[in-house]
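Summary of structural features
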2 protein chains.
Amino acid sequence: MVNEQLFIKMGLEGWNGYLKRAGDLFNSLTDEQLAQETAPGKNTGTYLLGHLIAVHDRMIELMFLGERLYPELDEPYLKNPESAGLAKLDIPTLRGYWNTLNEKLAADFANMKPEDWFARHSAVSEEDFAKEPHRNRLNLVMNRASHIAWHYGQVLYLKVK
Amino acid sequence: MVNEQLFIKMGLEGWNGYLKRAGDLFNSLTDEQLAQETAPGKNTGTYLLGHLIAVHDRMIELMFLGERLYPELDEPYLKNPESAGLAKLDIPTLRGYWNTLNEKLAADFANMKPEDWFARHSAVSEEDFAKEPHRNRLNLVMNRASHIAWHYGQVLYLKVK
């Protein structure tokens, strides 16, 4: 009963679950709500949406799935804090990027073979991977599920009861 | 290379990582800071600490590891929102519970055999588990890692830069 397919199902469950929760939350918030700070002096919902897109977009190259869609998001949403005041994209554009990227990743994931999930991601060298085989693509996706949860909890503060 | 041991390592990595991050964060905050709301009108750090302890304490029975240590935390920190105004434990007591519980779970996890991780948890019936074998104890721990991350992101708002 314990096999690769079962592991893959377990590993993807958290990713799919939190991606859906976060997507539903973003959809339930108006542009005006998203533009608010999630707490006084803390990141806005817009910044966190851009941040999640940038982090997920990087997964394309980390998982050898081709070229990234939105590398221009790294500077304003990943490499710099919101307080750096870099120019941000407008919210409808970010919402579109979120959907397009999720569709691409879902399609790519569906095409992956079981053995692909247990192959190394590009941030680990072949040498290191030989010693640390847990640093594979499925593990990357599992880590990203918790990363979504982290910011999901913060964006939730924009929700009016 | 893909075997049960590898997947157990992958599944526990997120749990151990976020438990450490959350523990370090709680330790870095004074009792006065923890007692603050994480955002205006939102849960205090104290409530979230109690909430995480209650959720993790429930894992003892869910994973067939014996009797729970702190079932009395369910009412004030799990079944009721903070706004219900139920009597809360003092912060030093909660800090002690957090450490004791983490030590117990770590010791119990270390004693589990590989096959134990892929056995059902108590919230799924034997019948359902036969159809859904991914609902095992390792999966429960993976889900709890993301749950820690969710609240970690909120407690982080108490941190003064």
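Residue positions are counted from 1 within each chain, in the order its sequence is given. Lettering of chains starts at A and numbering of ligands starts at 1, both following the order in which they are written. Side-chain atom pairs in this predicted model are given and counted only at pLDDT of 80 or more, local residue features only at pLDDT of at least 70, and totals for whole chains, interfaces and linings cover all residues. Only hydrogens and water are removed before side-chain values are computed, so all heavy atoms of the structure are retained for them.

By convention a nonpolar core is built from buried Ala, Val, Leu, Ile, Met, Phe, Trp, Tyr and Cys residues, the set being connected through side-chain atoms within 4.5 Å. With a 1.4 Å probe rolled over the protein chains alone, any residue whose accessible area is under 20% of its type maximum counts as buried; one over 50% counts as exposed, and the rest are partly exposed. Counting residues in each nonpolar core, the largest one holds 100 residues, and the members touching the most others are Phe109(A), Trp117(A), Leu138(A), Phe7(B), Phe109(B) and Trp117(B). Helix and strand definitions follow DSSP, with helices as H or I runs of at least four residues and strands as E runs of at least two, each counted in order from the N terminus. Every element with two or more residues in this core is listed here: helix H1 (4–28), helix H3 (45–62), helix H5 (91–111) and helix H8 (137–155) of chain A together with helix H1 (4–28), helix H3 (45–62), helix H5 (91–111) and helix H8 (137–155) of chain B. Phe109(A) has contacts with Leu12(A), Trp15(A), Met59(A), Met63(A), Leu65(A), Trp117(A) and Val141(A), leaving out every residue within four places of it along the chain. Residue contacts are counted whenever heavy atoms from the two residues lie within 4.5 Å of one another.

What follows concerns the packing of aromatic side chains. Working definition: a ring pair exists when centres of Phe, Tyr or Trp rings (six-membered ring for Trp) sit within 6.5 Å. Plane angles under 30 degrees give stacked, over 60 give edge-to-face, the rest tilted. A complete count under the given rule lists 20 aromatic pairs over all chains for this structure. On the numbers, 6.4 Å between centres and 90° between planes, the contact of Trp150(A) with Tyr18(B) is edge-to-face. Taken together, the residues Trp150(A) in helix H8 and Tyr18(B) in helix H1 connect one chain to another. Just as Trp150(A) is buried, Tyr18(B) falls in that class too. Among the aromatic residues, those joined into a ring-pair cluster are Phe7(A), Phe118(A), Phe7(B) and Phe118(B).

So, about the relation of the copies chain A and chain B. Residues below a pLDDT of 70 in either copy are left out; the C-alpha atoms of the rest, at least 70 in both, set the least-squares superposition of the copies. In the superposition of chain A on chain B (RMSD 0.0 Å, axial shift 0.0 Å), the rotation amounts to 180°. Classification of the inter-copy transformation places it as that of a two-fold axis. Here 100% of the interface residues in chain A have copies in chain B that are interface residues too; the copies meet face to matching face.

With that settled, the discussion passes to the pattern of salt bridges. Residue and element names in this part refer to chain A. Salt-bridge detection follows one rule: a side-chain nitrogen of Lys or Arg within 4 Å of a carboxyl oxygen of Asp or Glu. Scanning the model with the defined rule gives 20 salt bridges over all chains in all. Residue Arg-95 pairs with Asp-31 through a salt bridge whose shortest N-O separation is 2.9 Å. Separated by 64 residues along the polypeptide, Arg-95 in helix H5 and Asp-31 in helix H2 (residues 31–34) bring together distant segments of the chain. Taking relative accessible area as the criterion, Asp-31 reaches 26% and is therefore assigned partly exposed. One connected set of salt bridges, linked through shared partners, spans Asp-57, Arg-68 and Asp-74.

Here the focus is the confidence of the model for chain A. Counting all residues, the mean pLDDT for chain A is 96, and 98% of those residues have values of 70 or more. Reported confidence for the predicted complex is 0.96 by ipTM and 0.96 by pTM. Residue-level confidence of the predictor is summarised by pLDDT, bounded by 0 at the bottom and 100 at the top.

Turning to the packing of H8(A) against H1(B), a few remarks are in order. Axis definition: a line fitted to C-alpha atoms, over the contacting stretch in the case of helices. Angles run 0 to 180 degrees between N-to-C directions. At their nearest, the axes of H8(A) and H1(B) sit 10 Å apart, and the two run at 30° to each other. Taken together, H8(A) and H1(B) sit at an angle that is classed as roughly parallel. Of the two possible hands of crossing, H8(A) and H1(B) adopt the one that is right-handed. From H8(A), Leu138(A), Asn139(A), Met142(A), Asn143(A), Ser146(A), His147(A) and Trp150(A) reach across to H1(B), where they touch Phe7(B), Met10(B), Gly11(B), Glu13(B), Tyr18(B) and Arg21(B). Along the lines of polarity and charge, the residues of the contact of H8(A) with H1(B) split into 6 nonpolar, 5 polar and 2 charged. Angular relationships are summarised with four words: roughly parallel below 35 degrees, roughly antiparallel beyond 145, roughly perpendicular across 65 to 115, and oblique for the angles in between. Each helix crossing is assigned a hand: it is left-handed if the near helix lies turned anticlockwise from the far helix by less than a right angle, otherwise right-handed if that turn is clockwise. Classes in brief: Ala, Val, Leu, Ile, Met, Phe, Trp, Tyr, Cys and Pro nonpolar; Asp, Glu, Lys and Arg charged; the others, Gly included, polar.

What follows deals with the side chain of Glu82(A). Residues and elements named next belong to chain A. On the secondary structure map, Glu-82 appears in the loop between helix H4 (74–79) and H5. Polar contact is the term for a pair of N or O atoms within 3.5 Å; when the atoms are in protein, one must be able to donate a hydrogen and the other to accept it, and sequence-neighboring residues count only if both atoms are side-chain atoms. Polar side-chain contacts of Glu-82 include one of 2.7 Å to the side chain of Thr-44. In this structure Glu-82 touches Lys-42, Asn-43, Thr-44, Tyr-47 and Lys-88, once residues within four positions along its chain are discounted.

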